[in-house]
Each structure stands twice: as structure tokens, then as C-alpha cells.
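# Inside the fold
Each chain, letter by letter, is given below.
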Amino acid sequence: MVQETTLISIGGSVLFNEIFKDDMPEWINLAKLRASWAQVGNDASAYSIYSYYTLGSLLQANGSNIFTNGWDDSQRKLFSPNLKPERKNSWEIGLDFRTFNSRLCLDATYYKENTTDQIMTIAIPSESGVNQQLINAGNIQNSGVEIALNTIPFTNKDWEWTVSGNFTWNTSEITKLNTIDREDNYVKTGNAGGTGKYLQVHMVGETPN
């Protein structure tokens, strides 16, 4: 069964300025370490497990209609009863640090997430009677760093001057592919040949589009 969506998460934090407040310097206002983990499930659309024919009609010479079964040319797609739900596992760890009466604040986070069994439509030879197949495509890894620095250089009873800066870095990588091709390190999507057609190849180690 593919129709499945789940959400599991857990998080926590440690306040070092409270645990060690008797030994912590007074100029440290906050020193918090936080961490969290979450898993999200995603399913395919309805009727994505078994292949099916569409119901059409054929007009006869006497003016009556007969019903026929056939492939929908716009959706000549092969489904699989072994299709699994897509899963995204993510975790992050961060530090919140404030000092000098919270006039200097640092917020730093490192995160990483892996999307496994990603549901993807790939191109297959049309000689098979269909031109697409729905598969679980492997593992896409996304990780990065986010840093925010906020300062208050000047303040008085009437106004204050604040300066803020942000830094972000992110990278994505295909770490695994489940494919019907002979090689296990690439997968093709799209359609090749003809006007307006395209063929895209995804490879292990590359950055996904």
C-alpha cells in the first residue's frame, strides 16, 4: 500500500548557563545547545500501484457507441505493486549564544536530511507498450550550515542601533539510485526523440536539479 503519510519528530535543548550558572561568567547571558530529529513520509498519487486501462467509446456506423479499453496515450505509464512510500529523515544541531547583556547574539545551525525511496517517473523504451515507469529512485542527501549574528553597537533610552548578518551554505547530492538500467549509478527521466522531447540523466554523486 502506497497511500501513507507520517510525521515523527523529537527535539531537545540544554541550557549550560543554567546548569553551570554558579561557575559561568556573568557576561554570558545564554548558552544553549539544541538538537532535533524528524521523519516525514510521502505517498504517490491515487491508483499508482497497478497499471490500468482507460474507458473510451467507439462510434459505430449505425450511430450507437460501444465501450472499449485502451491505454491513455498521455499517460502510458507502468506502475508497480512494490512501490514504497517516500521517506525524509532529517536532523539538526544548533547553538544559541548571547553575551554582553544580549548585545551580541550568535545562532548557528548544522542540518542534514536524506530523502529515500523518492518516487520518480523515468523513461523506458516505447517498444514495451508504455513509455514511462514509476519507481523508487534512491537517496538524495541535503546538508548545510546557517549562521546568524546580531549585535547592538549602541543603545540608550531613546533609540538603539542594531547590526545583523547571515551566512548560509547548502549542498545536495544523489548518493544512491534504484534503477532498471543495467548500470546502478544513473537513471533517465523524460522522453527522447521528436519535437519538444527531452532526456535527462541523473547520476550518483551529482547535484539534483
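What you see is a predicted model, and the numbers here were worked out from it, not measured in a lab. (Residues numbered from 1 in each chain as written. Predicted model: local features only at pLDDT ≥ 70, side-chain atom pairs only at ≥ 80, totals over all residues. Heavy atoms only, no water.)

Here we come to the overall build of the protein. Check the secondary structure of the protein and you find one helix and 13 strands. Secondary structure elements of the protein, listed N to C terminal, follow the sequence β-α-β-β-β-β-β-β-β-β-β-β-β-β. In the protein, which comprises 209 residues, the share counted as buried stands at 26%. Within the protein, residue pairs in contact and separated by at least 24 positions form 61% of the contacts whose partners lie at least 6 positions apart. Accessible surface for the protein amounts to roughly 14000 Å². Of this, 53% is attributable to carbon and sulfur atoms. (Helix = DSSP H or I, 4+ residues; strand = E, 2+ residues; numbered from the N terminus. Buried < 20%, exposed > 50% of the residue type's maximum accessible area, 1.4 Å probe, protein only. Contact = heavy atoms within 4.5 Å. Areas by Shrake-Rupley, 256 points an atom, 1.4 Å probe, with all protein chains shown as cover.)

Attention now goes to the pairing of strand β7 (residues 104–116). Within a regular strand, the side chains alternate between the two sheet faces. Bridging between strand β6 (residues 86–99) and β7 involves 13 bridges; their strand directions are antiparallel. Bridge pairing links I93 to Y110 in β7. Counted between consecutive antiparallel strands, the loop separating β6 from β7 contains four residues, among which F100 sits at a positive phi close to 55°. (Pairing = 2+ DSSP bridges.)

The strand order across the open sheet built from six strands is β1-β2-β6-β7-β10-β11, with neighbouring strands paired in antiparallel fashion. Edge positions in the sheet fall to β1 (7–15) and β11 (160–177), since each of these pairs with one other strand and no more. Between one strand axis and the next, the sheet turns by 10° as a mean value, whatever way the strands run. Strand direction decides the pairing type here: strand β10 (residues 138–155) and β11, joined by 16 bridges, are antiparallel. Opposite S143, over in β11, you have T171 as the bridge partner. (Axes fitted to C-alpha atoms, helices over the stretch in contact; angles between N-to-C directions.)

Our next topic: the environment of G138. Within the secondary structure layout, G138 lies in strand β10. On a C-alpha basis, the gap between G138 and T115 in space is 7.9 Å, while along the polypeptide they are 23 residues apart.

In this structure the tally under the stated criterion is four aromatic pairs. Their ring planes at 5° and their centres at 6.3 Å tell us that F16 and F20 sit as a pair that is stacked. Here F16 falls in the partly exposed class, since its relative accessible area comes to 31%. The partly exposed category is assigned to F20, whose relative accessible area is 40%. The interplanar angle of 45° and the centroid separation of 5.1 Å between the aromatic rings of F154 and W159 together place this pair among those described as tilted. (Phe/Tyr/Trp six-rings, centres within 6.5 Å; stacked < 30°, edge-to-face > 60°.)

Moving on, we come to the pattern of salt bridges. What the rule picks out here adds up to six salt bridges. Notably, a salt bridge pairs K32 with D96, separated by 3.5 Å at the nearest N-O pair. Separated by 64 residues along the polypeptide, K32 in strand β2 (residues 28–42) and D96 in strand β6 bring together distant segments of the chain. Residue K32 is classed as partly exposed on the basis of its relative accessible area, which comes to 23%. Owing to a relative accessible area of 12%, D96 belongs among the buried residues under this scheme. Beyond isolated ion pairs, a larger network of salt bridges with shared partners links K32, R34, E92, D96 and D107. (Salt bridge = Lys/Arg side-chain N within 4 Å of Asp/Glu carboxyl O.)

Per-residue confidence for the protein averages 78 on the pLDDT scale, and 68% of its residues sit at or above 70. Across residues 180–186, where pLDDT falls below 50, the model places 18 contacts with residues more than four positions away in sequence or in other chains. When the criterion is pLDDT under 50, residues 192–199 qualifies, and its contacts beyond four places in sequence or with other chains add up to ten contacts. (pLDDT = per-residue confidence, 0-100.)

Taken together, three strands build an open sheet; the order of strands is β5-β9-β8 and the sheet is mixed. Edge positions in the open sheet fall to β5 (77–78) and β8 (119–123), since each of these has one partner strand only. As paired elements, β8 and strand β9 (residues 132–136) share five bridges and run antiparallel to each other. Paired with M120 across the two strands is I135, which belongs to β9.

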